[in-house]
Amino acid sequence: MKILVTGASGLVGSALVPLLAGGGHEVARLGRSTPGPGDIRWDPDAGVLDAAALEGFDGVIHLAGENIAAGRWNAARKRRIKDSRVRGTRLLAETLAGLERPPRVLVSASAIGFYGDRGDKELGEESPAGTGFLTEVCREWEAATEAAAGKGIRVVHARLGVVLSRDGGALAKMLTPFKLGAGGIVGSGRQYMSWITLEDTVAALAHLLVTETAAGPVNVVAPAPVTNREFTKALGRALRRPTLFPLPAFVARVVFGEMADALLLGSTRVKPASLLDSGYVFRHGSLEEGLRAVLGAA
């Protein structure tokens, strides 16, 4: 296939592009700069995207969006987080829908933030949206693909969980304090974390791209969500370090503000029912084997 990838320089995109290329696909990047031959430039903030350059692609994987954990949330940052996803997705979907030969499939990133803080309730793709800022972002993000779906393009909303990698994301930020023996549970430790390794993330996205039966929301998470306490203990064991320094909820809120409740203290227990039903086989189904694969000889 000839595939276009947005957000190719991010944690997931930078691992996905070589996987697709290694599988024999022809891959081009859509970004604010054009680092290589065949890549395409766009400016989603200004609504600039050359439609003619998008003709001839068989599939698109859309990952672009502002990092939600890059800094403490305020009104301006929250606006950038939402706009970077909603405006860019709408521009891309409407442009694809207007092509003479649109792609067969658009795999558009979303997130399990769609479900909000739901305690220990098991959540599947049929579960309703929750409440809060991230839920609002995810709902509008997914709705922004409407033009593509209306054109008959198969649209997949890949609701990503917490992606585990040494090279970025939540785990990378945890490694230094945990290696120093300063890791510990956050808040009560009872909140659920729906995780997935980077290797499984990119493999699942490639799978969704070529699996004709996959459409609509698909939870891209491992089949074994864990509580923060379970994750903390497993990471401590993997690193052979004690985990004796908890981060109380009130301290997390003082340090991180609103972001603390959404990313650290909220509980989202998500199952990948649609992904499993589509025939995807996980490389790392349990947290222990996932951490071993991610950390190696850490």
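In case you missed it, the structure is sitting above this.
Residues numbered from 1 in each chain as written. Predicted model: local features only at pLDDT ≥ 70, side-chain atom pairs only at ≥ 80, totals over all residues. Heavy atoms only, no water.

Section: the pairing of strand β1 (residues 2-6)
Then comes step 1: Buried residues dominate β1, accounting for four of its five residues.
Then comes step 2: Pairing between β1 and strand β5 (residues 59-62): four bridges, direction parallel. Paired with L4 across the bridge in β5 is V60. (Buried < 20%, exposed > 50% of the residue type's maximum accessible area, 1.4 Å probe, protein only. Helix = DSSP H or I, 4+ residues; strand = E, 2+ residues; numbered from the N terminus. Pairing = 2+ DSSP bridges.)

Focus: the sheet that holds strand β8 (residues 154-160)
Then comes step 1: Across the sheet, eight strands lie side by side as β4-β3-β2-β1-β5-β6-β8-β12; this open sheet has mixed pairing. The outermost strands of the open sheet, each flanked by one partner alone, are β4 (48-49) and β12 (216-220).
Then comes step 2: Note that strand β6 (residues 105-111) and β8 share seven bridges and pair parallel. Bridged to L106 within β8 is V155.
Then comes step 3: In the packing of helix α3 (residues 133-143) onto the sheet, the strands contacted are β6 and β8, and the crossing angle to β6 comes to about 175°. (Contact = heavy atoms within 4.5 Å. Axes fitted to C-alpha atoms, helices over the stretch in contact; angles between N-to-C directions.)

Focus on the pattern of salt bridges
Then comes step 1: With the rule as written, the count across this model stands at 16 salt bridges.
Then comes step 2: Its salt-bridge partner being K78, residue E258 comes within 3.0 Å of it at the nearest N-O pair. In this pair, E258 sits in helix α9 (residues 258-265) while K78 sits in helix α2 (residues 75-97), placing the two residues 180 residues apart along the sequence.
Then comes step 3: Here E258 falls in the partly exposed class, since its relative accessible area comes to 39%. (Salt bridge = Lys/Arg side-chain N within 4 Å of Asp/Glu carboxyl O.)

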